[in-house]
Amino acid sequence: MIDYTSIPSPCYVLEETLLRRNLALIKEVKEQAGVNIILAFKAFALWKAFPIVKEYIPYSTASSIHEARLAYEEMGSKAHTFSPAYTEADFPLIMQYSSHITFNSLSQFERFYPAVEAYRAARPGESISCGLRVNPEYSEVETALYNPCAPGSRLGVVSDLLGGELPAGIDGLHFHTLCESDSYDLERTLQQVERKFGRFLPALKWLNMGGGHLMTRKGYDTAHLIALLKRFRAKYPDLEIILEPGSAFAWQTGFLLATVVDIVENNGIRTAIMDASFACHMPDCLEMPYKPVIRNATEPVPGKPVYRIGGNSCLSGDYMGDWSFDKPLKIGDKLIFEDMIHYTTVKTTMFNGIPHPAIALLAADGRLCMYRTFGYEDYKNRMS
């Protein structure tokens, strides 16, 4: 049993047992399919948990210079790095921290590939493999904000711009079309990738299938995923296959605990205001949008108390609703928002100077290990 009174409020709590469950499944898929699966930091970058992650998966993907450095320092391995745009200021360190560098455009490749060649020449023992992100102009992601293949997308090179052969120095291709998707979405995407870019695949060293493979979600057909990847590998036996999910690693591995600090009513709507914020601490709820699960609460039920839940920022839209509870809420009650580890701590803000939730690990033996608490100096230093 978790002693919720021992958890500061608000606090993100990562549960080690649930994290290990996901990691074991991902490792099993990797080994059975004969592919390389790596962690995308953009969804989960709690580096104090990396010693657990590295027991199962040793590599990661980065989307910026800081993520690449984090991979090098805390995962102990160089990153597979992609960025929509590199700069002359950052690229020397990008090379230092990366085993693979994927370029978003032909112009970026042409601009920076000479630096890669010079880096290789100066360090014969180090290898950097270069790739190009491609856009198959096909995605089943319905939310435009998360659709990398929407018309006019800035992400990836379309087939018509590539002609009959790739520039010398390109070892691999990278596509990303999925978002919390299943293996059947991937199967249909691969058909489009082959149709658009199949002419290049036999000569390449690797193909990165990006993220969005939510293989740890209940009901995901992992057997189909493994069979699909095996068939693809059999068709292109010299091609290394890479997947870089993010959410799948931290899916359903922990919660955000918050406390009711006030209850207000306006035009018959009761709002329970908590000591946390959707805008600051659960931003995808407003961006997607989606309604999170609150433990021991349900969709509105006739005869049960109903509350809108409000955040503690001054943004008027910092609320979600509505939920039914078995009994009326009161000031001091704890609210537990489920599945609040992926795409939360990596996206939070200190808007309004609102205190940031603490971060903790609920260890497998039941101990609560505090990873980090935040105070005024964190906010002040962020503004300096």
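Above: the structure in question.
What counts, and at which threshold
Residues numbered from 1 in each chain as written. Predicted model: local features only at pLDDT ≥ 70, side-chain atom pairs only at ≥ 80, totals over all residues. Heavy atoms only, no water. Helix = DSSP H or I, 4+ residues; strand = E, 2+ residues; numbered from the N terminus. Buried < 20%, exposed > 50% of the residue type's maximum accessible area, 1.4 Å probe, protein only. Contact = heavy atoms within 4.5 Å. Polar contact = N/O pair within 3.5 Å; in protein donor to acceptor, adjacent residues only side chain to side chain. Phe/Tyr/Trp six-rings, centres within 6.5 Å; stacked < 30°, edge-to-face > 60°. Axes fitted to C-alpha atoms, helices over the stretch in contact; angles between N-to-C directions. Parallel < 35°, antiparallel > 145°, perpendicular 65-115°, else oblique. Left-handed = near helix turned anticlockwise from the far one by under 90°. Nonpolar A, V, L, I, M, F, W, Y, C, P; charged D, E, K, R; others polar. Expected span 1.5 Å × (residues − 1). Salt bridge = Lys/Arg side-chain N within 4 Å of Asp/Glu carboxyl O. Pairing = 2+ DSSP bridges.

### Some details on the environment of D339
Note on placement: D339 falls in the loop between β16 (334-338) and β17 (358-362). Residue D339 is classed as buried on the basis of its relative accessible area of 11%. As a C-alpha pair, D339 and L155 span 184 residues in sequence and 29 Å in three-dimensional space. Excluding its chain neighbours within four sequence positions, the residues that come into contact with D339 are A250, W251, Q252, T253, G254 and F255. In terms of polar contacts, D339 uses its side chain to reach the backbone amide nitrogen of Q252, at 2.6 Å.

### Side note on the packing of aromatic side chains
Under the criterion given, the structure shown has 13 aromatic pairs. When the centroid spacing of 5.0 Å and the interplanar angle of 45° are considered together, the rings of F232 and Y236 count as tilted. Judged by relative accessible area, which is 5%, F232 ranks as buried. Aromatic side chains Y307 and F325 sit 5.9 Å apart centroid to centroid with 70° between the ring planes, which places their arrangement in the edge-to-face category.

### Description of the environment of Q96
Relative to the helices and strands, Q96 resides in helix α4 (residues 91-97). Residue classification places Q96 among the partly exposed residues on the basis of a relative accessible area of 31%. When the C-alpha positions of Q96 and S181 are compared, they lie 33 Å apart, and in sequence the two are 85 residues distant. For Q96, the contacting residues outside a window of four places in its chain are Y72, K78 and Y119.

### Thoughts on the packing of helix α6 (residues 183-197) against helix α7 (residues 222-235)
Axis separation between α6 and α7 bottoms out at 9 Å; the angle between their running directions is 20°. When the axes of α6 and α7 are compared, the pair comes out roughly parallel. As α6 runs across α7, the sense of the crossing is left-handed. Packed against α6, whose contacting residues are S183, Y184, L186, E187, L190 and E194, the element α7 presents H224, L225, L228, L229, R231, F232 and K235 at the interface. Residue classes in the contact of α6 with α7 are distributed as seven nonpolar, two polar and four charged.

### Side note on unusual backbone geometry
With omega at 0°, the peptide bond leading from S9 into P10 counts as cis. Assignment of secondary structure puts P10 in the segment before β1 (11-15). In this structure, P289 follows M288 across a cis peptide bond, with omega equal to -15°. Its location among the elements puts P289 in the loop between α10 (283-287) and β13 (297-298).

### Observations regarding α6
Look at α6: 20 Å from first C-alpha to last across 15 residues, which is about the 21 Å you get at 1.5 Å a residue. For α6, the set of buried residues is S183, D185, L186, T189, L190, Q192, V193, K196 and F197. Against the buried residues of α6 lie β8 (172-174) and α7. Near the N-terminus of α6, the side chain that reaches the backbone nitrogen of Y184, with its oxygen 3.0 Å away, is that of D182.

### Regarding the pattern of salt bridges
For the coordinates displayed, the defined rule picks out 19 salt bridges. E16 is the salt-bridge partner of R20, the closest N and O atoms lying 2.9 Å from each other. Linking R20 with E16, this pair stays in helix α1 (residues 16-33), spanning four residues, or about one helical turn. Since its relative accessible area comes to 11%, E16 is described here as buried. K347 is the partner of D284 in a salt bridge, and the nearest nitrogen-oxygen pair spans 2.6 Å. With D284 in helix α10 and K347 in the loop between β16 and β17, this pair connects stretches of sequence that are 63 residues apart. For K347, a relative accessible area of 25% puts it in the partly exposed group. Connected through salt bridges with shared partners, the residues E16, R20 and E55 form a single ionic network.

### A short note on the sheet that holds strand β2 (residues 36-37)
Taken together, nine strands build an open sheet; the order of strands is β2-β10-β9-β8-β7-β6-β5-β4-β3 and the sheet is parallel. Each of the sheet's edge strands pairs with one partner strand only, and the pair in question is β2 and β3 (39-40). Here β8 runs beside strand β9 (residues 206-208); their pairing, made up of three bridges, is parallel. Looking at the pairing, L173 lines up with L207 of β9. Seen against the sheet, helix α5 (residues 106-122) touches β6 (98-103) and β7 (129-133) and runs at an angle of roughly 175° to β7.

### Looking at the packing of α1 against α7
Running from amino to carboxyl end, α1 crosses α7 at an angle of 30°, the nearest separation of the two axes being 9 Å. In the crossing of α1 with α7, the sense of the turn from one axis to the other is right-handed. Of α7, the residues touching α1 (which contributes L25, V29, Q32 and A33) are T222, L225, I226, L229, K230 and R233. Grouping the constituent residues of the contact of α1 with α7 by class yields six nonpolar, two polar and two charged.

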